[in-house]
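One letter stands for each residue in the lines below.
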Amino acid sequence: VLVGYDASIASDGQGKLTKVTFDVRVATLTGLPCSAGAATGNATAAAGAAFSLAGSVAYTASAEASSAVTTSLELNNIVARSRSGNPGYVAGSPVQAGVLTSDPTPGSSKTAVLAATDGLQLVGPGSGGACAVTGGAAASGPASTKSVRFGEDVVVGCSLSLTPAELEALCTAAGAASLPGVVLGLAGGLTHVGMMGNADPLRSTHWLAISETQPSASPTWDAASLTCQGMLVGFEVRLLAAPVGEAANPQRKIIAAATRYITGDLTAASAAGATAFALTSSVSFASLGASGLDRFIPPPPSVIALPHDLFYPFQINDIALAAAPAQSSPAGAMLAVAAAVLLLAAPRAAQQ
């Protein structure tokens, strides 16, 4: 009977597991009492006696193995970080996201991405589902955040309770500008997403800029109907993914990312009391099907390498010749004539 276990996990100190062992302890139970969690061997237990399963897990990071690890930009392991796939995204893993930054050194053109530890995050609701807005003004920061995972659509929302006076105070350009990042939108001012699950923060080419669409007009207040027209009521993130790489082992890659704010009219239910308004932020994924992909099959290599000017002034297009049906053509006839002239001239040159 299994009475215990011991697990040991070792890593190189750089986030890579080097060894995992799992040992079990078993015992033979008979009709006599025995201690719970006995070591391997014969043990006894009274009829109906209870025993517990005892176990331990130990984790160690090898400093010696860590010092032997080679880190480089080419190996994509200079920055110790969590990955969402290698290289493509794994379904359900966090979408990599961050903020593009530049090297402040004068004359430097280097760029990097400040990657968010938790990946792409949506602004979430506060306590009881309320928005982080008080007295018609947005708070200093989001009440909560919601992680975005690859391939999973998500919608989060909050309830905004405002009196007519608070709604009028919020229905201004400044009031609308205070909502993004606090009540609606992406948390942390994120500007880029990782195209692949193992995007390297030190390589800005691994990251895709998020295209943003801002509202074209500021909200306006209609006192007669107690309505704020053109107010921000929603936020949408759209991500387009596609399989890339070998056809037998495609890797999921984000090839487009865009956001937009949704506007609408908010009308107070009455001149007295507060009205609850629902604001939402959402993420939707779309996948580019196989019909929209370009399949490339490289041509076979040439058996004999020939000089590029062998038949000058005639030109040879290997792809066209390989794709064309076996039939005569003016270019082929001219090449045949040129070859025949060379063959006829060779004996005469030898006789002279």
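Description of the structure in this document. Quantities reported herein were computed from a predicted structural model and do not represent experimental measurements. (Residues numbered from 1 in each chain as written. Predicted model: local features only at pLDDT ≥ 70, side-chain atom pairs only at ≥ 80, totals over all residues. Heavy atoms only, no water.)

Concerning the state of the cysteines
Across all of its chains, the model carries two disulfides by this definition. Here Cys131 engages in a disulfide with Cys158; their sulfurs sit 1.9 Å apart. The disulfide joining Cys131 to Cys158 has a torsion of about 90° about its S-S bond and is therefore right-handed. In this pair, Cys131 sits in the loop between β7 (121-124) and β8 (133-134) while Cys158 sits in strand β11 (residues 154-162), placing the two residues 27 residues apart along the sequence. (Disulfide = S-S within 2.5 Å. Helix = DSSP H or I, 4+ residues; strand = E, 2+ residues; numbered from the N terminus.)

Regarding the packing of aromatic side chains
For the structure shown, the criterion picks out three aromatic pairs. Relative to Phe150, the ring of Tyr89 has its centre 4.8 Å away and its plane inclined at 0°; by these criteria the two rings are stacked. Of the two residues, Tyr89 sits in the loop between α1 (63-67) and β5 (97-102) while Phe150 sits in the loop between β10 (144-147) and β11, which places them 61 residues apart along the sequence. You can call Tyr89 buried: its relative accessible area is 2%. Taken together, the aromatic side chains of Tyr89, Phe150 and Phe285 make up a single cluster linked through ring pairs. (Phe/Tyr/Trp six-rings, centres within 6.5 Å; stacked < 30°, edge-to-face > 60°. Buried < 20%, exposed > 50% of the residue type's maximum accessible area, 1.4 Å probe, protein only.)

A look at the nonpolar core
Formed by 47 residues in total, the largest nonpolar core has its most connected members in Val95, Leu120, Leu122, Val183 and Val193. The set of elements that each furnish at least two residues to this core consists of β11, α2 (164-170), β16 (227-244), β17 (251-267) and β18 (275-287). At eight residues, β16 tops the list of elements feeding residues into this core. For Leu120, the residues in contact, after removing those within four places along its chain, are Val95, Ala97, Lys146, Ser147, Val148, Leu186, Leu190, Val193 and Leu239. (Core = buried A, V, L, I, M, F, W, Y, C linked by side-chain atoms within 4.5 Å. Contact = heavy atoms within 4.5 Å.)

Description of empty space enclosed by the protein
Remark: the empty space left among the atoms is shown by a probe the size of a water molecule rolled over them. Enumeration over the complete set of coordinates arrives at one cavity of 30 Å³ or more. In this structure, the largest cavity encloses a volume near 30 Å³. In this structure, the largest cavity is lined by Val123, Gly124, Pro125, Val156, Gly157, Cys158, Val183, Leu279, Thr280 and Ser281. Sorting the residues of the lining of the largest cavity by element identifies β7, β11 and β18 as the ones contributing at least two each. Of the residues belonging to the lining of the largest cavity, the class tally is six nonpolar, four polar and no charged. (1 Å grid on protein atoms, 1.4 Å probe; cavity = no way out; pocket = protein on both sides within 12 Å on 5 of 7 lines; lining within 4 Å. Points joined across faces, edges and corners; volume = space filled by probe spheres on them. Nonpolar A, V, L, I, M, F, W, Y, C, P; charged D, E, K, R; others polar.)

Concerning the sheet that holds strand β6 (residues 111-115)
What the four strands build is an open sheet, ordered β6-β5-β12-β13; its pairing is antiparallel. The open sheet has two edge strands, β6 and β13 (207-209), and neither has a second partner. Across the sheet, the mean angle separating the axes of adjacent strands is 45° when strand polarity is ignored. Relative to strand β12 (residues 192-194), β5 runs antiparallel, the two sharing two bridges. Across the sheet, residue Gly98 finds its bridge partner in β12, namely His192. (Pairing = 2+ DSSP bridges. Axes fitted to C-alpha atoms, helices over the stretch in contact; angles between N-to-C directions.)

Some remarks on a nonpolar patch on the surface
On the surface, Leu2, Phe22, Val24 and Val26 cluster together into a nonpolar patch covering about 360 Å² of accessible area. With three residues, strand β2 (residues 17-28) is the largest single contributor of residues to the nonpolar patch. Structurally, Val26 can be placed in strand β2. (Patch = residues over 30% accessible without salt bridge, like charges linked within 9 Å, V, L, I, M, F, W, Y side chains within 5 Å. Areas by Shrake-Rupley, 256 points an atom, 1.4 Å probe, with all protein chains shown as cover. Salt bridge = Lys/Arg side-chain N within 4 Å of Asp/Glu carboxyl O.)

A closer look at the pattern of salt bridges
Applying the stated criterion across every chain, the model contains one salt bridge. Among the salt bridges present, the one from Arg260 reaches Glu236, with a minimum N-O distance of 2.7 Å. Linking Arg260 in strand β17 with Glu236 in strand β16, this pair joins segments that are 24 residues apart in sequence. Using a relative accessible area of 16% as the deciding quantity, one classes Glu236 as buried.

Some details on unusual backbone geometry
Note that the residue after Asn86, namely Pro87, is joined by a cis bond; omega there is 0°. With respect to the helices, strands and loops of the structure, Pro87 is situated in the loop between α1 and β5. One non-glycine residue, Leu226, adopts positive backbone phi at about 55°. Structurally, the position occupied by Leu226 is in the loop between β15 (220-222) and β16.

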